[in-house]
Amino acid sequence: MMPDGTYDVVISNAQVYDGSGCAPYPADIGIREQKIAAIAAPASLKGQHIIDARGMAVAPGFIDVHTHDDRVVLQQPAMQPKLTQGVTTVITGNCGISLAPLKASAAVPAPLSLIGTQKDYQFDCMADYVAAVTSAEPAVNVGMLIGHSTLRVNAMADWTGPASATEIGSMQTLLAEGMQAGALGFSSGLFYQTSKAADNAEVIALATIAAQAGGVYTSHIRDEYNGVMDALAEACDAGQAAQLPVILSHHKCAGPANWGRTSETLAYISERRRSQAVGLDAYPYAAGSTVLDPDYVDGVIRIMVTFSEPYPAMSGRDLSDIATEWQVDQKEAARRLHPAGAVYFQMREDDVQRVLSYPHTMIGSDGLPHDEHPHPRLWGAFPRVLGHYVREEKLFSLAEAIRRMTTLSADHFGLKQRGRIACGCWADLVIFDPATISDTATFAQPKQAAKGVLWVLVNGEIAMAEGKLTGKRAGKVLRRQDERYNFDD
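Residues numbered from 1 in each chain as written. Predicted model: local features only at pLDDT ≥ 70, side-chain atom pairs only at ≥ 80, totals over all residues. Heavy atoms only, no water.

Trainee: Sorry, what's going on with the confidence of the model for the chain here?
Mentor: Note that predicted coordinates carrying low pLDDT should not be read in detail. Residues of the chain with pLDDT of at least 70 account for 97%, and the chain-wide mean is 96. Contacts of residues 483-489 to residues separated by more than four positions or lying in other chains number 19 contacts, the stretch itself having pLDDT below 50. (pLDDT = per-residue confidence, 0-100. Contact = heavy atoms within 4.5 Å.)

What follows is the structure in structure tokens.
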């Protein structure tokens, strides 16, 4: 606060959704030295910069708990797809895929190729990656997970088989170093070829290292199709054995044979929550996106190509149309397009809504920023929840939706003083119009900014003003808060 009683920034006449899920209340918010310093009666605070939020909702900045933004925070630190949604914090390194620790000496396999090529994997240790992100000065805060597939590619000469005791020891050392550098936890993607050969004993051996450092374990489970129940049990068992919280990534029941089974899976998650810490995240769409693999092609669901290295012109086209044009079946078309990515229309809307409605579900975009024709969730996930599922579908209240994007996420990942509007918290804030907020990104035109998000503040700096980026890049690396290492968020 300035000597004359003014604040650096005041958000005036705000309708405050504090992240708790409780009803909003009118207030002024005073910001000083990057933090929320005052919450007072409307029109009562003085500031060097006044933002009139009359008629708008003011919420904690949204936390995107499931991203693959590892490289984009370095190379495109303005982070337009996230700021325009009101996202102020991203969690990288999901699904077992992280840019560190790996200094690649050869072409990287899928799914590591989703976030970079050989030249991008240049970090021997997580501390080097942390330093690179800090130097890049991204416009949003960045929390990091360490990926199982990345560890395997680093430590194993042949990742198509099980890891030896020596290789597991090497991975444990790399993971321990990464946790000491401030990583929030360990992630796996047992669904992918790079980790498919790993048994749960290997996962537990690594998750235990994360647990010892106070981290979490996030899991893209081994099977979201017919074997979903066994795969959920495997992930929960790992968290229980390693004694750390487990977070189930982008929870779904995929493929027509499994539509409707979210009633069963959510009941199972509720049962496991009685005896251990289990969370989950989801994106608000009935389609997923990952590598294009002939093994995932069934000739039934629609598949849209997001990129193809040998055939870049096929980006944005349906696999069935390409196969018809080439006079081959879809599996053969997928082989020819490889390496490639795709959107899979593999879920049913009632399952999506059931998962979103589950009170413990966090929101994550799971966007792939380097796809030529990305899934629209990269640009639209959070406004889609607030516009389509809150305002139009009335799936839950606006206050509850904001809780799923803020305090719930901050608490699961141990991000203290984030995700809530309270004095002493970092001033990560979003101001939006509840009547108009909506996603405009579509599967046909995915790179479209949302409507209705007007102002975004990151650590007290105005990153977006009246719907336009200001160029301010005040994001921080959010290291795991652990007194043993003197990390200071």
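Trainee: Explain empty space enclosed by the protein here, please?
Mentor: Sizing a probe to match a water molecule and rolling it over the atoms shows the empty space that remains. Scanning the model with the defined rule gives four cavities of 30 Å³ or more in all. Put simply, the largest cavity is a space of about 190 Å³. As for the largest cavity, its lining consists of 21 residues, of which Y192, H220, K252, S289 and T290 are closest to the centre. Here the lining of the largest cavity takes three residues from strand β15 (residues 288-291), the largest share from any one element. A class-by-class count of the residues in the lining of the largest cavity yields 10 nonpolar, seven polar and four charged. What the second largest cavity holds in volume is close to 70 Å³. Lining the second largest cavity are H250, H251, K252, C253, A282, Y283, M347, D351, V352 and V355. (1 Å grid on protein atoms, 1.4 Å probe; cavity = no way out; pocket = protein on both sides within 12 Å on 5 of 7 lines; lining within 4 Å. Points joined across faces, edges and corners; volume = space filled by probe spheres on them. Helix = DSSP H or I, 4+ residues; strand = E, 2+ residues; numbered from the N terminus. Nonpolar A, V, L, I, M, F, W, Y, C, P; charged D, E, K, R; others polar.)

Trainee: Looking at this structure, how should I read the environment of T89?
Mentor: Examined against the element boundaries, T89 turns out to sit in strand β7 (residues 87-92). For T89, a relative accessible area of 1% puts it in the buried group. Separated by 12 residues in sequence, T89 and P101 place their C-alpha atoms 22 Å apart. Residues within four places of T89 in sequence aside, it is in contact with F62, I63, D64, V140, N141, L415, D428 and L478. Engagement of the side chain of T89 in a polar contact is seen with the side chain of N141, the distance being 3.2 Å. (Buried < 20%, exposed > 50% of the residue type's maximum accessible area, 1.4 Å probe, protein only. Polar contact = N/O pair within 3.5 Å; in protein donor to acceptor, adjacent residues only side chain to side chain.)

Trainee: For this particular structure, what's the right way to read unusual backbone geometry?
Mentor: Peptide bonds are trans in most cases, and residues, glycine excluded, mostly fall at negative phi. A110 connects to P111 through a cis peptide bond whose omega is 5 degrees. Assignment of secondary structure puts P111 in the loop between β8 (102-103) and β9 (122-123). Here the bond from H338 into P339 is cis, since omega is 0 degrees, no more than 30 degrees from zero. Following the sequence through the fold, P339 ends up in the loop between α10 (330-337) and β17 (340-344). Here Q327, not a glycine, exhibits a phi torsion of approximately 60 degrees, which is positive. Topologically, Q327 is positioned in the loop between α9 (319-326) and α10. Looking at Q327, the relative accessible area reads 75%, which means it is exposed.

Trainee: Explain the layout of surface pockets to me, please; I cannot follow it from the model alone.
Mentor: The volume enclosed by the largest pocket comes to roughly 300 Å³. Forming the boundary of the largest pocket are 17 residues, of which S113, T117, F307, E309 and H370 lie nearest the centre. Classifying every residue of the lining of the largest pocket by side-chain character gives six nonpolar, seven polar and four charged. What the second largest pocket holds in volume is close to 230 Å³. Lining the second largest pocket we find 14 residues, and of these V72, Q76, P81, P369 and W379 sit closest to its centre. Among the elements of the structure, α2 (80-83) and α12 (377-392) are those that each provide at least two residues to the lining of the second largest pocket. Among the residues making up the lining of the second largest pocket, the classes are represented as eight nonpolar, two polar and four charged.

Trainee: Hey, could you run me through the sheet that holds β15 in this one?
Mentor: Consider a sheet: its strands pair through backbone hydrogen bonds, and that pairing is either parallel or antiparallel. The strand order across the open sheet built from three strands is β15-β17-β16, with neighbouring strands paired in antiparallel fashion. Edge strands, defined here as strands with exactly one partner in the open sheet, are β15 and β16 (303-308). Put simply, the sheet's adjacent strands are angled 20 degrees from each other on average, direction ignored. As defined by bridge partners, β16 adjoins β17 across five bridges and the pair is classed as antiparallel. Along β17, the bridge assignment pairs S308 with A340. (Pairing = 2+ DSSP bridges. Axes fitted to C-alpha atoms, helices over the stretch in contact; angles between N-to-C directions.)

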